[in-house]
Amino acid sequence: MYLPPHDPHVDDPMRFKPLFRIHLMERKCATVECMYGHKGPHNGHIQIVKKDEFSTKCNQTDHHRMSGGRQEEFRTWLREEWGRTLEDIFHEHMQELILMKFIYTSQYDNCLTYRRIYLPPSSPDDLIKPGLFKGTYGSHGLEIVMLSFHGRKAKGTKITGDPNIPAGQQTVEIDLAHPLQLPDIENLRDFSELSRIVLEVQEQVRREEQEQEHRQEEEDRSQQAASQPAAKPLGGEGAEGEETAAGAEGTTQDKAPGSQPFVLPMGVISRNEDYPRTCRICFYGTGLIAGHGFTSPERTPGVFVLFDDDRFGFIWLELKSFSLYSRIKVSFQNAEAPSREAFDEMLKNIQSLAT
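Since we're looking at a predicted model, the values are computed, not measured.

Visitor: Teacher, can you tell me more about the sheet that holds strand β3 (residues 20–24) here?
Guide: In a beta sheet, neighbouring strands pair by backbone hydrogen bonds and run either parallel or antiparallel. Taking strand neighbours across the sheet as the criterion, the five strands line up as β3-β4-β5-β6-β7 in an open arrangement whose pairing is antiparallel. This sheet does not close on itself; its edge strands, each paired only once, are β3 and β7 (112–115). The mean angle between the axes of side-by-side strands here comes to 35 degrees, regardless of whether they run parallel or antiparallel. Summarising the sheet, β3 and strand β4 (residues 30–34) pair through five bridges and their orientation is antiparallel. Along β4, the bridge assignment pairs I22 with V32.

The structure is reproduced here in structure tokens:
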């Protein structure tokens, strides 16, 4: 398991922790060992669920228990997960979230299901190289997000989640067709000024979406009314529109300044004050917020800030909060892992032995 660095140090390397290991011996004999806990390797089980998915189970969960009971287990987990003690955390809400995470994760006792992650494809037209990033999420600590590009949109999808927004949800969406012109550095310190700029763009985006829906409805009616729809001309128009959109996007990125001063507005909370003081370009975007248990989710306006090829930020306007993201550069070779093909073959051998 690769754990993010301790909050809020997003630029620190990922931390490595083994969870299970497989021994393949002569005569196709295989053993699986659970590495969870603090009492050394012990008996485990592994099973293929379906393509790109397998599950592990610990057969001796008593090896995960500590002599001091759940309190000792919690304090040990807190030092490993957060790099601090409970006495260091004064914020009551943060204490509640941390305890909730411990209860949620510890109940599985390393009986887990693993699904393969496919990284997004990369294109020369992308703003930066897509991939995995560590990001600050307030009292939730650091979480892993996958950044991907989809034409005039960029999306940040949660790989790890929290009690509010679970894994798999789209945490941020960036509108690459709507760059933001930030005010000068002094006016940028005024949150109301930044808010005014963002909300104006939000209203512009809303009008454009309504116009697009209206045009689509008219095209649908025209096609229904026509006895012989002109498929080729319609296709030509679509292709031309895509080319225009792509050209507009390229123009937007080509006009991006090399560097401009950046500072967070007064009142915006940041877990990491060591963010870059210059940025390349900013875009209008939306961020997903929700209550505990992913209740009442809604997309709220924000600002995507591109600092460099490996770091970006997002200002959550409604929360008056700032998330800083840093690229995960680890090669994931610390475990001396076999190739994908070799690992799949290993799982098949274990499965055949089990049956």
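Visitor: Teacher, can you tell me more about the packing of aromatic side chains here?
Guide: Both the distance between ring centres and the angle between the ring planes are used here to describe each pair of aromatic rings. By the definition in use, this model includes 19 aromatic pairs. Summarising the aromatic geometry, the rings of F314 and W316 are spaced 5.0 Å apart at their centres and angled 75 degrees between planes, so their arrangement reads as edge-to-face. Accessibility assignment for this pair places F314 and W316 in one class, buried. Among the aromatic residues, ring-to-ring pairing joins F133, Y137, F283, F304, F312, F314, W316 and Y325 into one connected group. Across the ring face of Y137, the terminal group of K158 is positioned such that the distance to the ring centre comes to 4.4 Å. Seen from the ring of Y275, R277 lies directly overhead, with NZ or CZ sitting 3.8 Å from the centre.

Visitor: I keep staring at a negative patch on the surface and nothing clicks. Help me out?
Guide: A surface patch of like charges, here negative, comprises E208, E209, E211, E213, E217, E218, E219 and D220. Along the chain, the position of D220 falls in helix α4 (residues 191–225).

Visitor: So what exactly am I meant to see when it comes to the nonpolar core here?
Guide: Where a protein is soluble and globular, its nonpolar side chains tend to be buried together. Membership of the largest hydrophobic core comes to 26 residues, with the highest contact counts inside it found for L180, F262, V303, I315 and F322. Elements supplying a minimum of two residues to this core: α4, β15 (281–291), β16 (295–308) and β18 (321–327). If you tally residues by element for this core, the top one is α4, at six residues. Counting 20 residues, the second largest nonpolar core, distinct from the first, contains L127, V172, F304 and Y325.

Visitor: Looking at this model, I keep getting lost on the packing of helix α1 (residues 69–82) against helix α2 (residues 92–106). Mind explaining?
Guide: A pair of packed helices is captured by two measures, namely the crossing angle of their axes and the spacing between those axes. Following both chains from N to C, one finds α1 and α2 inclined at 105 degrees, their axes separated by 11 Å at the closest point. Compared by their axis directions, α1 and α2 come out roughly perpendicular. Residues R70, E73, F74, W77, L78, E81 and W82 of α1 pack against M94, I98, L99, K101, F102, T105 and S106 of α2. Residues of the contact of α1 with α2, tallied by class, amount to eight nonpolar, two polar and four charged.

Visitor: How should I be thinking about α1 in this particular structure?
Guide: For an α-helix, the turn length of 3.6 residues means that residues three or four places apart are oriented alike. For α1, with 14 residues, the first-to-last C-alpha span of 20 Å sits near the 20 Å given by 1.5 Å per residue. Regarding α1, the residues found buried are E73, F74, T76, W77, L78, E81 and W82. Each element contacted by the buried residues of α1 is listed here: β1 (2–3), β2 (15–16) and α2. At the exit of α1 stands G83, carrying a positive phi of roughly 70 degrees.

Visitor: Explain unusual backbone geometry here, please?
Guide: Both trends apply: most residues other than glycine have a negative phi, and most peptide bonds are in trans. With an omega dihedral of 5 degrees, the bond running from D7 to P8 counts as a cis peptide bond. Topologically, P8 is positioned in the loop between β1 and β2. The phi torsion at S296 lies on the positive side, around 50 degrees, for a residue other than glycine. Along the polypeptide, S296 turns up in strand β16.

Visitor: Help me understand the side chain of D162 in this model?
Guide: Mapped onto the fold, D162 is located in the loop between β10 (153–158) and β11 (170–180). The exposure class of D162 is buried, given its relative accessible area of 13%. Polar contacts involving the side chain of D162 include one to the side chain of K158, which spans 2.7 Å. When near neighbours in sequence (up to four residues on either side) are disregarded, D162 contacts H140 and E143.

Visitor: Would you mind showing me how to read the pattern of salt bridges here?
Guide: Pairing between side chains of opposite charge can happen when the charged atoms of each approach one another. Evaluation of the coordinates by the stated rule reveals 23 salt bridges. With a shortest N-O distance of 2.8 Å, R280 and D309 are connected by a salt bridge. Here R280 is found in the loop between β14 (278–279) and β15, whereas its partner D309 is found in the loop between β16 and β17 (311–316), with 29 residues between them in sequence. Given a relative accessible area of 26%, R280 falls into the partly exposed group.

Visitor: Which parts of the structure should I look at to understand the pairing of β10?
Guide: A regular strand places its side chains so that they alternate between the two faces of the sheet. Burial of β10 is one-sided: the residues A154, G156 and K158 facing one way are buried, the residues K153, K155 and T157 facing the other way are not. Relative to β10, strand β9 (residues 142–150) is paired through six bridges, and the arrangement is antiparallel. Residue pairing in the sheet places H150 in a bridge with K153 of β10. As consecutive antiparallel partners, β9 and β10 are separated by two residues, and within that stretch G151 has a phi angle of approximately 65 degrees, a positive value. Here β10 runs beside β11; their pairing, made up of five bridges, is antiparallel. Its bridge partner lying in β11, K153 is registered against D175.

Visitor: Can you walk me through α4 in this structure?
Guide: For α4, built from 35 residues, the straight-helix expectation of 51 Å at 1.5 Å per residue is met to within 8% by its first-to-last C-alpha distance of 51 Å. All of the buried residues along α4 are F191, L194, S195, I197, V198, V201 and V205. Along its buried surface, α4 packs onto β11, α3 (185–188), β15, β16 and β17.

What counts and how
- Residues numbered from 1 in each chain as written.
- Predicted model: local features only at pLDDT ≥ 70, side-chain atom pairs only at ≥ 80, totals over all residues.
- Heavy atoms only, no water.
- Pairing = 2+ DSSP bridges.
- Helix = DSSP H or I, 4+ residues; strand = E, 2+ residues; numbered from the N terminus.
- Axes fitted to C-alpha atoms, helices over the stretch in contact; angles between N-to-C directions.
- Phe/Tyr/Trp six-rings, centres within 6.5 Å; stacked < 30°, edge-to-face > 60°.
- Buried < 20%, exposed > 50% of the residue type's maximum accessible area, 1.4 Å probe, protein only.
- Lys NZ or Arg CZ within 6 Å of the ring centre and 35° of its normal.
- Patch = residues over 30% accessible without salt bridge, like charges linked within 9 Å, V, L, I, M, F, W, Y side chains within 5 Å.
- Areas by Shrake-Rupley, 256 points an atom, 1.4 Å probe, with all protein chains shown as cover.
- Salt bridge = Lys/Arg side-chain N within 4 Å of Asp/Glu carboxyl O.
- Lys, Arg positive; Asp, Glu negative; His and termini not counted.
- Charge placed at Lys NZ, Arg CZ, Asp CG, Glu CD.
- Core = buried A, V, L, I, M, F, W, Y, C linked by side-chain atoms within 4.5 Å.
- Parallel < 35°, antiparallel > 145°, perpendicular 65-115°, else oblique.
- Contact = heavy atoms within 4.5 Å.
- Nonpolar A, V, L, I, M, F, W, Y, C, P; charged D, E, K, R; others polar.
- Expected span 1.5 Å × (residues − 1).
- Polar contact = N/O pair within 3.5 Å; in protein donor to acceptor, adjacent residues only side chain to side chain.

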